[in-house]
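A look at the structure
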Amino acid sequence: MGLGGGKETGAPQGQNPSTTPKKEKKTKKMRRKRKKADIEELKKEVAMDDHKLTLEELSAKYSVDLTTGHSPEKANEILIRDGPNTLTPPPTSPEWIKFCKQLFGGFSLLLWTGSGLCFLAYGIQSNYHEEVMKDNLYLGGILAIVVIITGCFSYFQETKSSKIMESFKNMVPQQALVIRGGEKIQVDVQNVVLGDVVEVKGGDRIPADLRLISAQGCKVDNSSLTGESEPQSRCPDFTNENPLETRNICFFSTNCVEGTARGVVIATGDDTVMGRIASLTSGLTVGKTPIATEIEHFIHLITMVAMFLGVTFFGLSLILGYGWLEAVIFLIGIIVANVPEGLLATVTVCLTLTAKRMARKNCLVKNLEAVETLGSTSTICSDKTGTLTQNRMTVTHLWFDRTVYEADTSEEATGTVIPEGSDTWYILARIAGLCNRADFKPNQERLSIAKRTTTGDASESALLKFIEQTYSPVSKMREKNPKVAEIPFNSTNKYQMSIHLREENSQTHMLLMKGAPERILDFCSTFLLKGQEYPMDDQMKEDFQNAYLELGGLGERVLGFCFLNLPSSFSKGFQFNTDEINFPMDNLCFAGLISMIDPPRAAVPDAVSKCRSAGIKVIMVTGDHPITAKAIAKGVGIISEGNETAEDIAARLKIPISEVDASTVKAIVVHGSELKDLNSEQLDQILQNHSEIVFARTSPQQKLIIVEGCQRLGAIVAVTGDGVNDSPALKKADIGIAMGISGSDVSKQAADMILLDDNFASIVTGVEEGRLIFDNLKKSIAYTLTSNIPEISPFLLFIILGIPLPLGTIAILCIDLGTDMLPAISLAYESAESDIMKRLPRNPKTDNLVNNRLIGMAYGQIGMIQALAGFFTYFVILAENGFKPNDLLGIRLHWEDRYLNDLQDSYGQQWTYEQRKVVEFTCHTAFFVSIVIVQWADLIICKTRRNSVFQQGMKNKILILGLLEETMLAAFLSYAPGMDLALRMYPLKITWWLCATPYSFLIFVYDEIRKLVIRLRPGGWLERETYY
Amino acid sequence: MTKKEKKSFNQSMSEWKLFLYNPTTGEFLGRTAKSWGLILLFYLVFYGFLAALFTFTMWVMLQTLNDEVPKYRDQIPSPGLMVFPKPVTALEYSFRASDPASYEEYVKELKKFLKPYALEEQKNLTACPDGVLFDQKGPVYVACQFPISLLEGCSGVNDPDFGYSLGNPCILVKMNRIIGLKPEGTPRIACVSKDENIAAVETYPADGIIDLKYFPYYGKKRHVGYRQPLVAVQVLFVPNNPGKEVTVECKIDGSPNLKSQDDRDKFLGRVMFKITAHA
């Protein structure tokens, strides 16, 4: 069996969608049925045995002649059977479904319910009464409009982000060189079929999964699949049981870096290893974002409050003798009044503002809700290659003259401190520059050296750049010392040799060699010290060993360099034969060692330490080797200084690992092969007991398992990565972060956020912004919810006390969708109260966006004061117009009777219906204005949750603008001509504006005292009960 | 977040029970008795303080009010017009002359309403000079007599059924009281029947004159015994044309400062009612 285990008998996985519609339907159905089983299947490791087969068996299995390939007819047949060699694009939901998700998701549902209830109430009323107040109809309509507008708004926001995504896509069609019927032909990659014999050369993209038949110096870059930063050499030999490690398999969509190879296609399209990962990614179900969970929790709370109030007053109104029908209308009215109409828009705008701010800092957020997720993140699982590191080999250390020199590895490396005038350095640099097949691609003179692209092997390129930067232009050096012969590097020799004409004496040659240090040392009988040759001694050999171990222990790849000035008998014109060596190649002179690594990005260590101080655990999950992984982890601080793994401790104390006290070990490096044998409890143990974890040699499936493990422990997990191998984990994570420049399309598709500059440090910005918006949303919601009480209580007292309605629906809408809007949004601009990067991530279980304390504060305390302010204004206006408070109780039925036009006030005057209604609407206006006035104070107290306003200051300009705007709007609504007809708002006397001011002042003073007590007695009762 | 398995019904029930009362921690609805006590005490004190504050501000506000005249009267610059008796719902009267029960309620109410207007009830009131505003300086304010005889056939003196039994029902029209209102000119209430073929109307006093001596009004407290001037409208259905309904409209006329036309307020200086006389 090949790739997909038992899948071959059924319809092939990557069925061509364009075959026949009937077939498509059938496969779709089957696929859906098997989808769940498939995901479990895909999560397992790749199982294949093609790499173990001999060429004959291979030929038989795919019934293909390995020299002539398929006949074109047969290839065609297979193409029709299996479908084209492409990845099935992830199922994208149609635009209208995306739109509907915006319209009916989360918060919107609450508003839709409210809207529906309004229409229901209106329906009931119009059925039983002839003349109906149209309030409910309007309210229902406006609620619907609010949802639709906010829905459209967030839909357009997200389309905008995804449009930026589209532009990343690479549209260039790829070609492959296939042997069919004995002839080499170029075909489109999508037409490559199973069993095709394919030829690839350096620079090509591998067109399908290949089992190699032959190879010449072939190297492939598997970094997008396995995360290994170094190119891997490929040959036809079976070298490892693991198909991902064996040398004779090349994988679809990886790159051939150099050399040529010929191979048989063993899997195409979705059956390829890459395809399996892509299908795994698109098949994963993703959990809710933390903010969605929070909003759901909030809706629960609000609904509970609404139901409680509604049912209580339903009962009360029945007891008070209202009819069933009226009581039902009241019930609906109360429930709807609890819906914060403006909050959906406020939350959306706040999130959008943050998303924009983050986009300016190069964090592109694909999904608005993901804006906050980073703030809640408690664990970051980061890929190494390309995320933490620069994904290019760079020279880091040199060892010559018995000294280790460090090279500058920053992205913009300009020069390195190399001792001037050292002759050894002069020779070493020449060997590195000349015995080197890498070269710069043309036309890049304007770019800095570090940014130029090169041809050839990664380590040779690293040497080339290094010499170019620190010594002299390599091209000139090569011009002066033309190469006359060369033995290229191969895995058996483990060295590379070249012979050049000498610059100072153009008649003689020099032999230059580089390679694995131990091999190089074998060739040498002397060594260079300060430009002088000395015979090799044990002291030198020991130094060499130490240096080699030291550099190797840093996870670096070490190369040795040596040379030999050929005697004059091999002068110019001598024909060097590299096959049958006709020149001396021993007793060379050892020059030095150069080591290189894919170095960490400059900003990463700082970012990691910031994450750590913010209480976020940073875990490295990489496909690379443990030593390299550990070295980088130490370099960037994922394993912090002074922390040792069990192996380190064992080595230091010279005791077996089993004797190391496990409880003292905080750091661990887990190998993929160990991980494979762990069950989930053991994985949980590892994740729980260690603060500094590195997972090395992990497969994409294992990355997924690690993410799931973290989530199982209750963490909110962010995953960063750029390769295809990261994409399942990216998708499964609470927030997947892909790299914008180096990231593969698959990873970008799976991610929720994209770092446009590939800078890991941007994550810190994201965390900061996410935490800030969470805090500020709390404030915003607290502000918005507070005015709910002065909005609901008039209706409740209208029912209970039978007083004329103090505040009408229109005025409520003017508050929720008018005056409260900008101030609530302005709280999103509020700066943090303390260093939010110094505290632990919030606990998603206990630290909710909206909790009982927030509701208690908003509804129970500040809201109550606000309601009193409104009622005071209301009673003042009615009393000053002739209706004293005592006479108002129970007046409702008479007041509302439109045929009772001689209602008597407390002074014996008589009022027509319309006259008293004007007074009532004046009261509504005044109540509305009072709410605006107490909301001033509310806005100012909501700026901070712990600090005093005097500490926080009034630097938020938008907030000041909001204060002015709501006041102006209130004045406009009250005094603008025509408002009496349009919104039934009436002009107020100046004194009526002042009624609420004492209450406004009270709110401010009360909350300042409350916050003072909270600051003075941290952890005290008041904090436990009122700090939200 | 990892997916949680759906809780079974029993599990969620026991969770609820634990929430209601948790015997191990002694928590009732998520709080211990002490915690409940503290939070209730907090809110008791808090609301007690708020109630006291509210009461205080209300008290201060009430101190600023004048007992005799409201602070503002600009909301009622012009009086409304209203009929009496007021039907339960809309201003639609219906009766059957042959069926006393059908108008019993109206008659009862009219009698009750006119009781203060009886001669002996007005004994202590002043007979004021006709045709001029009766300005008073106080501190004692007197009320002018309104002789019920002005209502003639609708006074209830001669006809205890106010014309209902004869098919010519009486309805009282009155102008709303407004403190300090001084009508200009010679205000009268002019009533017209919308269809003279069905019914004619007769107003008492003649022409629906409202004498200026009843103005201005000084308010319930100062102006004790004030009798609101009334105008009676008798709807005279054309005989042999029973089972008809007629709409009557009354308006204030003859006074330039009393409005009788407003788009919104259908009762400002006017009133319209419908009477159905069943066969």
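Residues numbered from 1 in each chain as written. Chains lettered and ligands numbered in written order. Predicted model: local features only at pLDDT ≥ 70, side-chain atom pairs only at ≥ 80, totals over all residues. Heavy atoms only, no water.

Re the interface of chain A and chain B
- Taken together, the contact pairs 54 residues of chain A with 54 residues of chain B.
- Summed over both partners, the interface of chain A with chain B buries about 4600 Å², with 59% contributed by carbon and sulfur atoms.
- The shortest N-O distance in the salt bridge between D897 of chain A and K86 of chain B comes to 3.0 Å.
- For the interface between chain A and chain B, the tally reads 22 residue pairs in polar contact (both at pLDDT 80 or more).
- Listing elements by their share of the side of chain A that touches chain B, those giving two or more residues are α23 (700–712), α30 (852–880), β28 (910–911), α33 (913–942), α36 (979–982), α37 (990–994), α38 (997–1016) and α39 (1021–1026) of chain A.
- Ranked by residues supplied to the side of chain A that touches chain B, first place goes to α30 of chain A with 12 residues. (Contact = heavy atoms within 4.5 Å. Buried area = accessible area lost by both parts, 1.4 Å probe. Salt bridge = Lys/Arg side-chain N within 4 Å of Asp/Glu carboxyl O. Polar contact = N/O pair within 3.5 Å; in protein donor to acceptor, adjacent residues only side chain to side chain. Helix = DSSP H or I, 4+ residues; strand = E, 2+ residues; numbered from the N terminus.)

Some words on the sheet that holds strand β11 (residues 270–278) of chain B
Residue and element names in this part refer to chain B.
- What the four strands build is an open sheet, ordered β5-β11-β10-β7; its pairing is mixed. The outermost strands of the open sheet, each flanked by one partner alone, are β5 (92–96) and β7 (188–193). When strand polarity is set aside, the average angle formed by the axes of neighbouring strands in this sheet is 25°.
- In this structure, β7 lies alongside strand β10 (residues 244–253), joined through six bridges in antiparallel fashion. By the bridge assignment, A190 is partnered in β10 with K251. (Pairing = 2+ DSSP bridges. Axes fitted to C-alpha atoms, helices over the stretch in contact; angles between N-to-C directions.)

So, the side chain of S747 of chain A
Residue and element names in this part refer to chain A.
- Positionally, S747 belongs in helix α25 (residues 745–750).
- What makes S747 buried here is its relative accessible area of 0%.
- Ignoring sequence-local partners within four residues, the contact set of S747 consists of D722, G723, S727, L730 and A738. (Buried < 20%, exposed > 50% of the residue type's maximum accessible area, 1.4 Å probe, protein only.)

Observations concerning the state of the cysteines
Residues and elements named next belong to chain B.
- Applying the stated rule across the entire model yields three disulfides over all chains.
- Note on cysteine connectivity: C128 is disulfide-linked to C144, with sulfurs 2.0 Å apart. Taking the sign of the torsion about the S-S bond as the criterion, the disulfide between C128 and C144, at about -100°, is left-handed. Note that C128 is positioned in the loop between α3 (104–114) and β6 (170–175) and C144 in the loop between α3 and β6, a separation of 16 residues in sequence. Like C144, C128 is buried.
- Here C191 connects covalently by a disulfide to C250, the sulfurs 2.0 Å from one another. Taking the torsion about the sulfur-sulfur bond, which here is approximately 115°, the covalent link between C191 and C250 counts as right-handed. Of the two residues, C191 sits in strand β7 while C250 sits in strand β10, which places them 59 residues apart along the sequence. Across the pair, C250 and C191 agree in class, each one buried.
- Taken in sequence order, the bonded cysteines of chain B link in the pattern 1-2, 3-4, 5-6. (Disulfide = S-S within 2.5 Å.)

Quick word on the packing of aromatic side chains
- Summed over all chains, the structure comprises 47 aromatic pairs over all chains.
- Aromatic pair F883 of chain A and W895 of chain A: ring centres 5.1 Å apart, planes at 70°, arrangement edge-to-face. Of this pair, F883 of chain A sits in the loop between α30 and α31 (885–888) while W895 of chain A sits in helix α32 (residues 892–896), placing them 12 residues apart in sequence. You'll find F883 of chain A and W895 of chain A in the same group, each marked buried.
- Each ring, one from Y217 of chain B and one from Y226 of chain B, has its centre 4.6 Å from the other, and the planes form 45°; the classification is tilted. For the pair Y217 of chain B and Y226 of chain B, a shared accessibility class is recorded, and that class is buried. (Phe/Tyr/Trp six-rings, centres within 6.5 Å; stacked < 30°, edge-to-face > 60°.)

Focus: a nonpolar patch on the surface
All names here are of chain B.
- Together, W16, F19, L20, Y21, F28 and L29 give the surface a local cluster of nonpolar side chains, amounting to about 630 Å² of exposed area.
- For the nonpolar patch, the element with the highest residue contribution is helix α1 (residues 9–20), accounting for three residues.
- Within the fold, F19 resides in helix α1.
- Assessed through its relative accessible area of 39%, F19 is described here as partly exposed. (Patch = residues over 30% accessible without salt bridge, like charges linked within 9 Å, V, L, I, M, F, W, Y side chains within 5 Å. Areas by Shrake-Rupley, 256 points an atom, 1.4 Å probe, with all protein chains shown as cover.)

Overview of the pairing of strand β4 (residues 209–221) of chain A
Residue and element names in this part refer to chain A.
- Examined bridge by bridge, β4 and strand β7 (residues 255–267) share 10 bridges and lie antiparallel to one another. When the bridges of β7 are listed, V220 appears paired with C256.
- Here two bridges tie β4 to strand β6 (residues 249–250), and the two strands are oriented antiparallel to one another. Bridged to R211 within β6 is I249.
- Note that β4 and strand β5 (residues 232–234) share three bridges and pair antiparallel.

As for the UniProt feature "transmembrane region" (unreviewed entry) in chain A
- Mapped onto this numbering, the UniProt entry gives "transmembrane region" (unreviewed entry) at residues 103–125, 137–156, 298–322, 328–351, 850–877, 918–937, 958–978 and 990–1007 of chain A.
- Secondary structure over residues 103–125 of chain A splits into 91% helix and 0% strand, and the C-alpha atoms at its two ends are 28 Å apart. (UniProt positions renumbered as here; feature names shortened; annotations may be inferred.)

Some remarks on the nonpolar core
- Formed by 231 residues in total, the largest nonpolar core has its most connected members in F928 of chain A together with C250 of chain B.
- If you tally residues by element for this core, the top one is α30 of chain A, at 18 residues.
- If sequence neighbours within four positions are ignored, F928 of chain A has contacts with L807, A811, C814, I815, T819, A970, L973 and M985 of chain A.
- Ranked by size, the runner-up nonpolar core spans 33 residues in total, among them C435, F466, M477 and I594 of chain A. (Core = buried A, V, L, I, M, F, W, Y, C linked by side-chain atoms within 4.5 Å.)

Things to note about the UniProt feature "transmembrane region" (unreviewed entry) in chain B
- The UniProt record marks residues 38–62 of chain B with the feature "transmembrane region" (unreviewed entry), using the residue numbering of this structure.
- The span residues 38–62 of chain B is 100% helical and 0% strand by assignment, and the distance between its end C-alpha atoms comes to 36 Å.

Considering the pairing of strand β10 (residues 394–400) of chain A
All names here are of chain A.
- In terms of burial, β10 is largely enclosed, as seven of its seven residues are buried.
- Sheet topology note: the β10/strand β20 (residues 588–597) ladder contains five bridges and is antiparallel. Within β20, the position partnered with H397 by the bridge is S595.
- Bridge count between β10 and strand β11 (residues 403–406): four bridges; the pairing is antiparallel. From the neighbouring strand, F400 faces β11, where its bridge partner is T403.
- From the end of β10 to the start of β11, which pair antiparallel, there are two residues, and D401 there has a positive phi angle of about 50°.

Some thoughts on the confidence of the model for chain A
- Here chain A shows a mean pLDDT of 85. Residues at 70 or above account for 93%.
- Predicted confidence for residues 1–34 of chain A stays below pLDDT 50, and this span has 43 contacts to residues more than four positions away or in other chains. (pLDDT = per-residue confidence, 0-100.)

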